[in-house]
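For reference, the chains in residue letters:
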Amino acid sequence: MEATKKGFDFKKFMSNNAMWFVLIVLAILLTIARPAFLTVANLTTLFTSESIKGIITCGVCWCILSKGIDLGPGSVAALAAVISASFAQQSDALNRLHSIHLPAIVCILIGMVIGAVVGIIVGWLVAYTHIHPFIATLGSQLICRALAKMYSSAPVSNLDQSFRNFAIFKIAGIPMVVFIFLLIFAISWFMMTQCRFGKNIFAIGGNDQAARVAGINVEKNLVLTYMWSGICAGLAGALLAARTGSADPSSNGLQYEFDAIAAATVGGTSQTGGVCKMSGVMSGILVLGVINNGLVLLGANDNLTQIIKGLIIVGAVVVDMRKNAKKP
């Protein structure tokens, strides 16, 4: 009996994989209610629409892991979208912002660099001025959205097909944006599980003072954390412009940060820091995606979707707090 307990803890297994079981149950219920849910076309739409938010989540979860938060990715994505898209406009477009035209890959990289710069600035504020991450990232949210609107007062459209292909070109029927999301997820998983950087962030999120005593450069690692979140947001913004064929400074990335926070929290990333599993983050992304997709299929009001998301976030945080309260 003792060997059995040591070999397999069913209760722990269920606890660690609860969201995957929730995902399966949701998929079954939605398939029964709307058989169209479990079709190749719908599942492709689901994964494609959630890939952009998934990329942002791969950055936001690191900020939460470090015992911080990032409220800026949606606005950073909008800023990256309009700037990268402006360099990818067709040469004969009537509404061109400027005459400079750059290769598609360079436009994508510009979006990532914009995100990195914003992330470095926010990370520096958090690490060296000790301003609370909530305030620092709220400021970046407001500033980046305003900068996006100042850069272009109207949507940037008529984008080159080569730029659009980064999101919509299909391999085996699957859009490129899904593969990019999986690549970013794999990089995030590798950094978190196989690199010293990941171990450092776990230590900082668990106890930053103990991390200092252990010789970890807390400030440097926090800057890198927010820089990675910014890179993910910038890439997501550029890909969003490529996927939709335009970049709207007012609506692009709107509230995406809340979806990312919800997905990470639902996936088990603790708001008290020091706890995160990328497999859990993936389950959170998929659960939120299935809920979004399912409610659309059911013809639910968009306000109901927001209510459900809010309840999920609050519920996940309550569960997380109860778990931490039980720890010695």
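Before reading further, recall that the structure is shown in the block above.
Parameters and conventions
- For every chain, the first residue of the written sequence is number 1, and numbering continues from 1 along that sequence.
- pLDDT decides what is reported in this predicted model: residues at 70 or higher carry local features, side-chain atom pairs at 80 or more are listed and counted, and totals for whole chains, interfaces and linings draw on all residues regardless.
- Only hydrogens and water are set aside when side-chain values are computed; all heavy atoms of the structure are taken into account.
- Think of it this way: any DSSP run of H or I at least four residues long counts as a helix, any run of E at least two long counts as a strand, and we number them from the N terminus.
- Each radius of gyration reported is based on C-alpha atoms, and the globular scaling rule is 2.2 Å times the count of residues to the power 0.38.
- Buried residues are those whose accessible area, probed at 1.4 Å on protein chains only, stays under 20% of the maximum for their type, while exposed residues exceed 50% and partly exposed ones sit between those limits.
- Only the protein chains shown count as cover for residues, and the accessible areas themselves come from Shrake-Rupley with a 1.4 Å probe.
- Residues scored as charged are limited to Lys and Arg (positive) and Asp and Glu (negative), so that His and the chain ends carry no count.
- Here the site of a charge means atom NZ of a Lys, CZ of an Arg, CG of an Asp or CD of a Glu.
- Each Phe, Tyr or Trp ring, with Trp reduced to its six-membered ring, pairs with another whose centre is within 6.5 Å; inter-plane angles below 30 degrees give stacked pairs, above 60 give edge-to-face pairs, and intermediate values give tilted ones.
- When the NZ atom of lysine or the CZ atom of arginine is within 6 Å of a ring's centre and also within 35 degrees of its normal, the charge is said to sit over that ring.
- Here an angle of 0 to 180 degrees is reported between the N-to-C directions of two axes, which are lines fitted to C-alpha atoms, with helices fitted over the stretch in contact.
- For classification purposes, an angle smaller than 35 degrees is called roughly parallel, one larger than 145 roughly antiparallel, one from 65 to 115 roughly perpendicular, and anything else oblique.
- Should any heavy atoms of two residues lie within 4.5 Å, those residues are counted as being in contact.
- Think of it as three bins: nonpolar holds Ala, Val, Leu, Ile, Met, Phe, Trp, Tyr, Cys and Pro, charged holds Asp, Glu, Lys and Arg, and polar takes everything else, Gly as well.
- We define a salt bridge as a side-chain nitrogen of Lys or Arg found within 4 Å of a carboxyl oxygen belonging to Asp or Glu.
- Two helices cross in a left-handed way if the nearer one is turned anticlockwise from the farther one by less than a right angle. They cross in a right-handed way if the turn is clockwise.
- Residues with no salt bridge and a relative accessible area higher than 30% make up the patches, which join like charges within 9 Å and nonpolar side chains (Val, Leu, Ile, Met, Phe, Trp, Tyr) within 5 Å.
- One less than the residue count of a helix, multiplied by 1.5 Å, gives the span that helix is expected to have.

Asker: Sorry if this is basic, but what is going on with the overall build of the protein chain here?
Answerer: Summing up its helical and strand segments, the protein chain has 15 helices and two strands in all. The C-alpha radius of gyration computed for the protein chain amounts to 20 Å, which stays within 12% of the reference 20 Å derived for 328 residues, consistent with globular compactness. Overall, the C-alpha framework of the protein chain stretches about 75 × 55 × 35 Å when taken along its three principal axes. Evaluated residue by residue, the protein chain yields a buried proportion of 48% over its 328 residues. As displayed, the protein chain has an accessible area near 15,700 Å², and 69% of this comes from carbon and sulfur atoms. Distance between charge centroids for the protein chain: 8 Å, based on 23 positive and 13 negative side chains.

Asker: It is not clear to me how the packing of aromatic side chains should be interpreted in this structure. Could you clarify?
Answerer: By convention here, two paired aromatic rings are described through the distance between centres and the angle between planes. All told, the structure shown has three aromatic pairs when counted by the stated rule. Judged by centre distance (5.0 Å) and plane angle (10 degrees), the ring pair of Trp62 and Phe197 falls under stacked. Of the two residues, Trp62 is situated in helix H4 (residues 40–65) and Phe197 in helix H10 (residues 196–206); the sequence distance between them amounts to 135 residues. A relative accessible area of 0% means that Trp62 is categorised as buried. A cation over an aromatic ring shows up here: Lys53 above the ring of Tyr256, its NZ or CZ 5.2 Å from the ring centre.

Asker: It is not clear to me how the packing of helix H9 (residues 176–194) against helix H12 (residues 218–244) should be interpreted in this structure. Could you clarify?
Answerer: Two numbers describe a pair of packed helices, the interaxial angle and the distance between the axes. Axis separation between H9 and H12 bottoms out at 12 Å; the angle between their running directions is 175 degrees. By the angle class used here, H9 and H12 are roughly antiparallel. Across the interface between the two elements, Val177, Ile180, Ile184, Ile187, Ser188 and Met191 of H9 pack against Trp228, Cys232, Leu235 and Leu239 of H12. Its residues assigned to classes, the contact of H9 with H12 comprises nine nonpolar, one polar and no charged.

Asker: Help me out: how do you make sense of the pattern of salt bridges in this one?
Answerer: Between side chains of opposite charge, pairing is possible as soon as their charged atoms come close. Applying the stated criterion across every chain yields a total of two salt bridges. With a closest N to O distance of 3.0 Å, Asp259 and Lys53 form a salt bridge. Of this pair, Asp259 sits in helix H13 (residues 256–266) while Lys53 sits in helix H4; the two residues are 206 residues apart in sequence, bridging distant segments of the chain. We classify Lys53 as buried; its relative accessible area is 13%. When the shortest N-O distance is used, the salt bridge between Glu219 and Arg212 registers 2.8 Å. Using a relative accessible area of 15% as the deciding quantity, one classes Glu219 as buried.

Asker: Any chance you could explain the packing of helix H5 (residues 73–86) against H12 here in plain terms?
Answerer: At a minimum axis distance of 7 Å, the contact between H5 and H12 shows a crossing angle of 50 degrees. In terms of axis orientation, H5 runs oblique to H12. Along this stretch, H5 crosses H12, giving a crossing that reads as right-handed. Residues Pro73, Val76, Ala77, Ala80, Ala81, Ser84 and Ala85 of H5 lie in contact with H12, whose contacting residues are Ser229, Gly230, Ala233, Gly234, Gly237, Ala238 and Ala241. Classifying every residue of the contact of H5 with H12 by side-chain character gives nine nonpolar, five polar and no charged.

Asker: Which parts of the structure should I look at to understand a nonpolar patch on the surface?
Answerer: Among the surface-exposed residues, Val113, Val117, Ile121, Trp124, Leu125, Tyr128, Ile131, Phe134 and Ile135 lie close enough to one another that they form a single nonpolar patch of about 810 Å² accessible area. Looking at the nonpolar patch, the elements with two or more residues in it are helix H6 (104–128) and helix H7 (133–151). For the nonpolar patch, the element with the highest residue contribution is H6, accounting for six residues. Along the chain, the position of Tyr128 falls in helix H6.

Asker: Explanation requested: H12 in the structure shown.
Answerer: Count 3.6 residues to each turn of an α-helix, and residues three or four apart come out pointing the same way. The end-to-end C-alpha distance of H12 is 39 Å, a good match for the 39 Å that 27 residues give at a rise of 1.5 Å each. Among the 27 residues of H12, 22 are classified as buried, and the element is accordingly described as predominantly covered. Looking one or two residues past H12, Gly245 carries a phi angle of roughly 85 degrees, positive in sign.

Asker: Would you take a moment to explain the environment of Lys199 for this structure?
Answerer: Among the structural elements, Lys199 can be located in helix H10. Taking the C-alpha atoms as reference points, Lys199 and Gly74, separated by 125 residues in sequence, lie 27 Å from one another.

The values are spatial; any link to function lies outside them.
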